[in-house]
Structures are given as C-alpha cells and as structure tokens.
Amino acid sequence: MEQIKKLFEPIRIGTIELPNRIKFPPLALSYAVDDMVTDRLKNFYAERAKGGVGFIGLSFGLTRLEQGPFPGIYDDKFIPGLKEIVEVVHNYGAKIFAQFGAGYYWSFSDGPVELVGPSGTSLSKRPGTPFRLGGPLDQRHAVERALTIDEIKSIMTTYGEAAHRAKEAGLDAVEFIASTGYMVSRFISPLTNKRTDQYGGSFENRMRFLLEIIESCKKSVGEDYPLMCRISGAQLIEGGYTLEDSKLIASMLEKAGICAIDVIGGGWHEASVASLTSSVPPGAKIFFAEEIKQAVNIPVAANGRITDPILAEQIISQGRADLVSLARALIADPDLPIKAKKGRFDDIRPCICCCRCFETVDTGVICSVNARAGREGQYDIKPSAKPKKIAIIGGGPAGMEAASVAALRGHRVTLCEKGSQLGGQLIIAAIPPYKDEISKFRDYLNHQVEKSGVEVRLGEEITPQAIKSIMADAVIVATGASPLIPSIPGAEGKNVITALEVLTGRKEVGEEVVIIGGGMVGCETAEYLAQRGKKVTILEMLERLASDIPKAVRWELLQRLGKAGVRMETKVNIIEITENGVNGKRNGEVEFFKGNNIVIAAGMKPEGELGKYLTGIGAEVYTIGDQLKPQKIAEAMESGIRVASGI
Ligand SMILES: Cc1cc2nc3c(=O)[nH]c(=O)nc-3n(C[C@H](O)[C@H](O)[C@H](O)COP(=O)(O)O)c2cc1C
Ligand code: SF4
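Residues numbered from 1 in each chain as written. Chains lettered and ligands numbered in written order. Predicted model: local features only at pLDDT ≥ 70, side-chain atom pairs only at ≥ 80, totals over all residues. Heavy atoms only, no water.

With that settled, the discussion passes to the site of ligand 2. Around ligand 2, the surrounding shell holds 13 residues, and the nearest of these are Cys351, Cys354, Cys355, Cys357 and Cys367. At a threshold of 2 Å from the grid points, most atoms of ligand 2 map onto the largest cavity. Of all the secondary structure elements, the ones that give two or more residues to the shell around ligand 2 are helix H9 (328-332) and helix H11 (356-359). Taken together, the residues of the shell around ligand 2 sort by class into 10 nonpolar, 1 polar and 2 charged. (Near = heavy atom within 4 Å. 1 Å grid on protein atoms, 1.4 Å probe; cavity = no way out; pocket = protein on both sides within 12 Å on 5 of 7 lines; lining within 4 Å. Sits in = over half its atoms within 2 Å of the grid points. Helix = DSSP H or I, 4+ residues; strand = E, 2+ residues; numbered from the N terminus. Nonpolar A, V, L, I, M, F, W, Y, C, P; charged D, E, K, R; others polar.)

Below is the structure:
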C-alpha cells in the first residue's frame, strides 16, 4: 500500500505553521446571503477542516456586488460572522486565510456595480469571465471601463481596510488573486493594460498596482501578518505574459514581502488552452509551479488537476512544490486527507472533472458526485431510529447511493439490478472520449455498496408480480431511463439506432452518420464516432449545440468537434428520416443531410412502469434518479441521498 507521509508534514508560511501541505483554495460558492456568512457556508468549511485539510481559503468580495458569490469584507458588520467560521476551522486544527478577489467588478461609494479594469480593454469584447461573479444582473451593462487614478487609490485603501478586518476576524493570512484574468492580472498583462501613466507601459509600471496593494495591506496589518499571492503559470494567450514572466512576477512578489505563492496550472479565463478539464491528464500542469519554485525561496503551492493523494504525495516528495492546492478533489470528498492518511484510498469519492461546480458558481455550487457539498447541514447521515427492510430496484448511481446511505443508517437493504453489473448510466457515460474518470466513481460507489452490507441481487428483474413477494417496509424505485425516440416518420427504420447502442458497441454504424440531437450525448457520441474515422453530422433543433454542458467544458468539446471535422448544424427541425439520410427544415427551407445511419440522441424517458403497480402493496414507496425525471448525475445522486436519509 502506498504510504502518504510528506503530505502530512507541517510547513511554515511566514509567521504561521500549517499542520500539513494540503491547501483548499478559495472558492466562489454563492452560499452567502446578502454577502453575510450563513450556516451553509460555515458547515461547508467545517466539514473540510474536520476532514483534515491544513489550510483553507475563503474567497471575499471587497466591494458591494449584485448578488455576488462571496461573503463580504467591505464593512465591519461582516466581522462577527467571519469569526464564527474562523473558530470552527481553528477548532479542527486547520488554518484559514482570506483571498481578496478584486474580480472584474467594482462599486464605488453608492454607485452602480461596474466592469472596470486598467484600460477598458476587453480581449473577447465580453467580460473576461463566462460567469457573472456579482456583475450587473443585466449583463448588457457590463462594458469594461478604465479606472481613474483616484479610483485606483480608493481600491488600495479598500484592500488595506479589508486586510485589517481579516486580521481582526482571526483569519491567519491574506492572499491576493493576481491570476486568471482578474483585475490585478489585467494590470500585469500588456494585452489588457494600455495605460500610459505610472500604472501602464513597462513591466515595473504594470506590477505597480499589485505592489501598492501589498504596501497598503502591510501598513494596515503590520509586517508580520502573512500576505500571499495567487498567480497563473502563464497567461496562455498570444502576446500575453509567459512562464518566464511569471517567474519574474514571483520573485518581485517575494521581494515585496509576499510569503507564499500559489500557482494555478493554467492561464486566463479567456485563454483557449484547456487547463482544468478532463482532457488534461492529472498533474500535467504542475510544471508551472515547479518552474516558479526555482525562482523564489518562499513556499510554492501547485494547483490544477491534482486528483488524488498519491499524485499529491509525489509532487511534495519529489520537491516539485511545497504545498498542493486541491479544489475539486476536496469538494468531491472533504475527508480525502484523513482517508489518505489511513490508506483508505478506495473510500475516497473521486471528482469526475465534469465542471458542474464551476457552472453553479453564480447560483450555489453543487457537486455531481457529492450531493452533500453545500448541503452538509441538510444531509447529515445519522442512524435511523427505526431500522427497516428496504428494497431498492435499480442499480444506477441514485440506487447505489440510496443503498449505501440507507445501510449506513442501519436499515437492511436489498439492491436489485436487472443487468449483470451495477452502475446504470454511469457505465455508458464513461465511454466517450475523456470521460473515463466516471469509471473510478462507479468503482467507488460499488465499493461503498459492498462494504455497507447491502445485499446485491444482479440479473434480477423485478416484475409487478414479483414486487409483492419482496415484503419490504419501503421500496425505492430507481429503474432509470431509456432513450426517447421522437415520433418522426422513418424513426422505426433499420438504419436508425440510439446513441446508447453506438456507445455500448451493440450496433455498428456505416461510414457516414447523422446524429439527431446536439445535446451532451449527441456531441459526445459524435466525438466518439469521429475518433473512429466516421463522417459525422449533428442536427440540433436549438440555436446552440451542447447547451446542457458546463461552459468550462463546452467550448473545448466544440473546438475538438470542429477539429475532427464534425459538421454541426443548428436550428434544424427534423421532418423525416429516409433510407439514406434525414430531411430537415431550417428557416423555411428543406435540407437533406446524408448518412448511412441515423443516431438518435434526443433525450431520455423514465424506464418502465413499475411505479404504477406499487400502490397498495403495503410498503412506503419512493422514486429516485432518472425514474423521477431524467437529469444529470448530480440530480440522481441528490435524490438518492435525500430519500435514503429521510426513511
Ligand atoms: C466552484 C469553484 C469556484 C472557484 N472560485 C475561485 C475563487 O474564488 N478564487 C480562486 O482563486 N479560485 C477559484 N476557483 C479555482 C480553484 O481554486 C482551482 O484553482 C481550480 O478549481 C483548479 O483546481 P482543481 O483542479 O484542484 O479543482 C474556483 C473553482 C471552483 C470549482
Ligand atoms: S462537480 Fe464535478 S468537477 Fe466539480 S467537484 Fe464535483 S465531480 Fe468534480
């Protein structure tokens, strides 16, 4: 068994000592209400501190925003709430720092929330982030404008005041975000800083904004209070700053009194180079931190796609970085540190790199694999006061999660699956390119079902007749979903197959394929087929393809489909399927799309009608997962834990 040791060695950051090398970087979560700390926010961090993380980051809005995703620190009224989080984190032995994220938006005095930057230069003609992050609710007003010198000075003062409040609330350190395209990095980059005054032009001038922020904070909290900085490994946009420049930035920061640096293994939001998605192999971007570590004598944290503790241990033990900064791995499993320390690797709930969490930064972050993330108070798994006999019908993710949670609570659980293995839609979801991390999640669920003492019956289809003989106190129907075949003339033809049949290899397709439906399944199936040399056309009724995929993943998938030569057609209404293609209508014109096979990827519908036969069987009946409503993994998992924790 792999030993995790180095990860649990303490380390000093300025004047503080951290219990281990695991850092949970700050997250925009949208768990605060009116910028105030809530129980939801507190519980989220308490859980991670309890799980053994050494250093926890809390992301702050420094200014009033419009329903922003951060708690506030721009007024003394926030201090009592912050003290509560600090106390709970300290009680578990972890340290906690504030990250000051002067994002893209700022409000001066009572004025509106505005998109501001060094010179009003937008690289994409849009805000530099795909997320709203507290910007105007009406994004038409989000046009970047240049800051005046007076406004720059007022921002410096705000930073200093915020640092003072952080210290007063008991936070152990402050980190400045100077990465990813946020305001500070926009000053540093020659692409977005076109100023001609002391804040623009030369490298020294472009660094001035950040260096003066550091000065302002030092004045308000003293020389000993640890100040840290987060930077991108490089901008990754042509003409922008490079890794060599980032090394220079790091050494200037060290000279300015910064006592630790966190290096994001990627570039800006506007960069079209994949950094954090599943097409990037775990650990592939750590070289940025490794290089930057060579340029400084202060601790450097590596971040980005560090997916498991064994990789994290290697990074530390090989001296590539001093700390590892794990965001999604710890959203997915807050107990990762404790489990790693005990060698319980199979019990770590793995992140599948789906980016659903990014997608929900503006509305309240959720996680696909861990329904308790952000709902720690709601789903506290406690022993049942009245253990029951529970039958769960259907062994997909919802059924598996419900089974292990119910068993953990002391119920006697039988899980019946008509197929030969557990996993349901996860088995298919793991097949398209770059989706194999889903298999690890299925292995994890399997392991949990097994160790929680659930009786698993494979190959057992529960018919309406058989249901009566189960004699359970409660029945949970988790029979999943099956492909929806739209009623189009020709849909019953021999040349028509489903995306599911393609991905499972149950049916072969010819050289030219038309896919009906350009959502996630259609697009992923297109990539799967294109990789096998097929000529693929996707037909989508809506204006946008892949509109059900998180933005962080979507652009990259569409880029890959384009490169693979997949023809992508939108706003096409299907009229009929013929023997050698599809007739569709667009803007009143009929168009023909040629293909030997037509693949249907038009959504799913609940499978079977078992639920209908369960009334009056004398047991409590619940429905979960796709059987309730076909949705994504996150919804399936949530319905599983919700029902199982309530019985
Ligand atoms: C929901 C969410 C919110 C985030 N918000 C912030 C933030 O406020 N500040 C920040 O520096 N990074 C933020 N990040 C980026 C993470 O800190 C981290 O750099 C990124 O997720 C890559 O690390 P990982 O591969 O370990 O997840 C956020 C990430 C997620 C998933
Ligand atoms: S939502 Fe997806 S990417 Fe985010 S932590 Fe959960 S599994 Fe990982």
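Let us keep going from here.
Taken together, 21 residues sit near ligand 1, with Ser59, Arg230, Asn303, Arg305 and Arg328 positioned nearest. In this structure, Ser59 approaches ligand 1 through a side-chain N or O atom, which is 2.8 Å from an oxygen atom. Between ligand 1 and Gln99, the relevant distance is 2.8 Å, taken from a nitrogen atom to a side-chain nitrogen or oxygen of the residue. For ligand 1, the accessible surface in isolation is 610 Å², of which the surrounding protein chains cover 94%. (Polar contact = N/O pair within 3.5 Å; in protein donor to acceptor, adjacent residues only side chain to side chain. Areas by Shrake-Rupley, 256 points an atom, 1.4 Å probe, with all protein chains shown as cover.)

Here we come to the nonpolar core. With 149 residues, the main nonpolar core has Tyr45, Phe100 and Phe176 as its most contacted residues. Sorting elements by how many residues they give to this core places helix H5 (residues 203-221) first, with 8 residues. A domain split of this core shows at least three residues from each of domain 1 (6-359) and domain 2 (389-482 + 605-646). Those residues within four positions of Phe100 in sequence are excluded, and the remaining contacts are Phe60, Leu62, Ile73, Tyr159, Ala162, Ala163, Ala166, Val174, Glu175, Phe176 and Ile177. With 24 residues, the next largest nonpolar core counts Leu529, Ile538, Leu557 and Val566 among its residues. (Core = buried A, V, L, I, M, F, W, Y, C linked by side-chain atoms within 4.5 Å. Buried < 20%, exposed > 50% of the residue type's maximum accessible area, 1.4 Å probe, protein only. Domains from an automatic or database assignment. Contact = heavy atoms within 4.5 Å.)

Turning our attention to the domain arrangement of the chain. Domain parsing of the chain yields domain 1 (6-359), domain 2 (389-482 + 605-646) and domain 3 (496-602). Between domain 1 and domain 2, the C-alpha centre-to-centre distance is 39 Å. The contact between domain 1 and domain 2 buries some 1200 Å² in all, and 51% of this surface belongs to carbon and sulfur atoms. Across the contact surface, domain 1 and domain 2 share 4 salt bridges. In this structure, Arg356 engages Glu635 in a salt bridge whose closest nitrogen and oxygen atoms are separated by 2.7 Å. If you look at where domain 1 meets domain 2, you find 7 residue pairs in polar contact (both at pLDDT 80 or more). Along the lines of polarity and charge, the residues of the side of domain 1 that touches domain 2 split into 5 nonpolar, 3 polar and 6 charged. (Buried area = accessible area lost by both parts, 1.4 Å probe. Salt bridge = Lys/Arg side-chain N within 4 Å of Asp/Glu carboxyl O.)

This part is about the sheet that holds strand E20 (residues 512-516). Strand pairing in a sheet relies on backbone hydrogen bonds. The paired strands run either parallel or antiparallel. On the basis of which strands lie adjacent, the open sheet formed by 5 strands has the order E19-E26-E20-E21-E22 and parallel pairing. The sheet terminates laterally at strand E19 (496-498) and strand E22 (567-569), the two strands that pair on one side only. Across the sheet, the mean angle from the axis of one strand to that of its neighbour is 25°, orientation sign disregarded. Relative to strand E26 (residues 597-600), E19 is paired through 3 bridges, and the arrangement is parallel. Bridged to Val496 within E26 is Ile598. (Pairing = 2+ DSSP bridges. Axes fitted to C-alpha atoms, helices over the stretch in contact; angles between N-to-C directions.)

Quick look at empty space enclosed by the protein now. Across all of its chains, the model carries 5 cavities of 30 Å³ or more by this definition. For the largest cavity, the calculated volume is near 100 Å³. What lines the largest cavity is a set of 13 residues, among which Cys351, Cys354, Cys357, Cys367 and Ser368 lie closest to the centre. Mapped by element, the contributors of at least two residues to the lining of the largest cavity are H9 and H11. At 3 residues, the largest contribution of residues to the lining of the largest cavity is made by H9. (Points joined across faces, edges and corners; volume = space filled by probe spheres on them.)

Moving on: the environment of Arg320. Considering the arrangement of structural elements, one finds Arg320 in the loop between helix H8 (309-317) and strand E13 (323-325). Arg320 sits 31 residues away from Ala289 along the chain, and the two C-alpha atoms are 7.3 Å apart.

Between its terminal C-alpha atoms helix H17 (residues 520-531) stretches 17 Å, which fits the 16 Å expected from 12 residues at 1.5 Å a residue. Within the sequence span of H17, burial applies to Gly522, Cys523, Glu524, Thr525, Ala526, Glu527, Tyr528, Leu529 and Ala530. Trailing H17 by a residue or two, Gly533 shows a phi angle of about 85°, which is positive. (Expected span 1.5 Å × (residues − 1).)

What follows is about the sheet that holds strand E3 (residues 22-24). Spatially, 8 strands are ordered E3-E4-E5-E9-E10-E11-E12-E13 in a closed barrel, and the strand pairing comes out parallel. Taking the axes of each pair of neighbouring strands and ignoring which way they run, one obtains an average angle of 25° across the sheet. Where strand E11 (residues 260-264) and strand E12 (residues 300-303) come together, 4 bridges link them in parallel fashion. Within E12, the residue paired with Val263 across the bridge is Ala302. Across the sheet, H5 lies against strand E9 (173-178) and strand E10 (227-232), angled at about 165° from E9, the strand it touches most.

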